[in-house]
Amino acid sequence: MKLIAKQALIRTVYVYVITYLVLLMVILGLMYAYPKPELHMLLNSYHSSLQDTFFKYYSMLAEWPLYAIALLPLLWKKVKMTIFFAMCELTGGSILQILKHIISTDRPVSVFEHYAYMDLPLVQGVTMHHGNSFPSGHASTFFMFCTCCVIIQAYSYIQRDRPYSLGKKILFNTMLIALLVVAAVGAYSRVYLSQHFLADVCVGSVIGFITPFMMYLLLWNRIPRLKN
């Protein structure tokens, strides 16, 4: 297995990193400009039956389908990929659960009981939760999975050790942006369903974004040299 310089991989995914940081700055700006309840209502200003159905089931991807997808590399004996995802999820999940139980904030459905003049939009068929809102586990899982995919794809991309045309570079970066969109839509689904506030999904996304890079920088070359 050819060793890849860690700095080279980070440079390869700069489009993903910069786009996420821009998105994060926009979110932080919104959180600064609006009080939490008003911002939540602003982000839920339009509901439709199509959106209700889409976000209800899209959000469920973080409950088990993404974990099942992470096992697929085992079919091609690419064990290292699955081990990497498992290490990231265990590390990030542990950090997230510690924060959830230490901070222990109310979910939107509980908070809005004190705002009788605001009608919280809910989606039929979604079981609402009341506690341990901060940070969002679903948002963390979406970003964890997509960031792991970005790192694995970037590793494969630079391991081939060949010159790439401009078209292939554009295609690669488009794939990185697509993965970020998948994660961002998953995080937003938690706000749309009123399971979390924007601050909850923001911090969840940060955990899901940072953890895979930390695990790669610290441990990737220490994972047993299995077929990858």
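Residues numbered from 1 in each chain as written. Predicted model: local features only at pLDDT ≥ 70, side-chain atom pairs only at ≥ 80, totals over all residues. Heavy atoms only, no water.

Enquirer: Help me understand the packing of helix α8 (residues 137-159) against helix α10 (residues 198-219) in this model?
Expert: Two packed helices can be described by the angle between their axes and the distance between those axes. The N-to-C vectors of α8 and α10 enclose an angle of 30°; their axes lie 7 Å apart at closest approach. Judged on the interaxial angle alone, α10 and α8 are roughly parallel. The hand of the α8/α10 crossing is right-handed. Residue-level inspection shows A139, S140, F143, M144, T147, C148, I151 and Y155 of α8 in contact with α10, the latter providing V201, G204, S205, I207, G208, F209, T211, P212, F213 and Y216. When its residues are assigned to classes, the contact of α8 with α10 shows 12 nonpolar, six polar and no charged. (Axes fitted to C-alpha atoms, helices over the stretch in contact; angles between N-to-C directions. Helix = DSSP H or I, 4+ residues; strand = E, 2+ residues; numbered from the N terminus. Parallel < 35°, antiparallel > 145°, perpendicular 65-115°, else oblique. Left-handed = near helix turned anticlockwise from the far one by under 90°. Contact = heavy atoms within 4.5 Å. Nonpolar A, V, L, I, M, F, W, Y, C, P; charged D, E, K, R; others polar.)

Enquirer: Explanation requested: unusual backbone geometry in the structure shown.
Expert: The amide bond that connects F134 to the next residue, P135, takes the cis arrangement and shows omega of -5°. Mapped onto the fold, P135 is located in the loop between α7 (108-111) and α8. With a phi close to 60°, K77 is a non-glycine residue in the positive phi region. Its place among the elements puts K77 in the loop between α5 (65-70) and α6 (79-103). With a relative accessible area of 55%, K77 lands in the exposed category. In the Ramachandran plot, S194 falls in the positive-phi region, its phi being about 60° despite a non-glycine side chain. Assignment of secondary structure puts S194 in the loop between α9 (166-192) and α10. (Buried < 20%, exposed > 50% of the residue type's maximum accessible area, 1.4 Å probe, protein only.)

Enquirer: Which parts of the structure should I look at to understand the side chain of S205?
Expert: The residue S205 is located in helix α10 in this model. Beyond its immediate chain neighbours, meaning those up to four positions away, S205 contacts Y20, A139, S140 and F143.

Enquirer: Looking at this model, I keep getting lost on the environment of L218. Mind explaining?
Expert: Here L218 lies in helix α10. For L218 and K6, which are 212 residues apart along the polypeptide, the C-alpha to C-alpha distance reads 9.7 Å.

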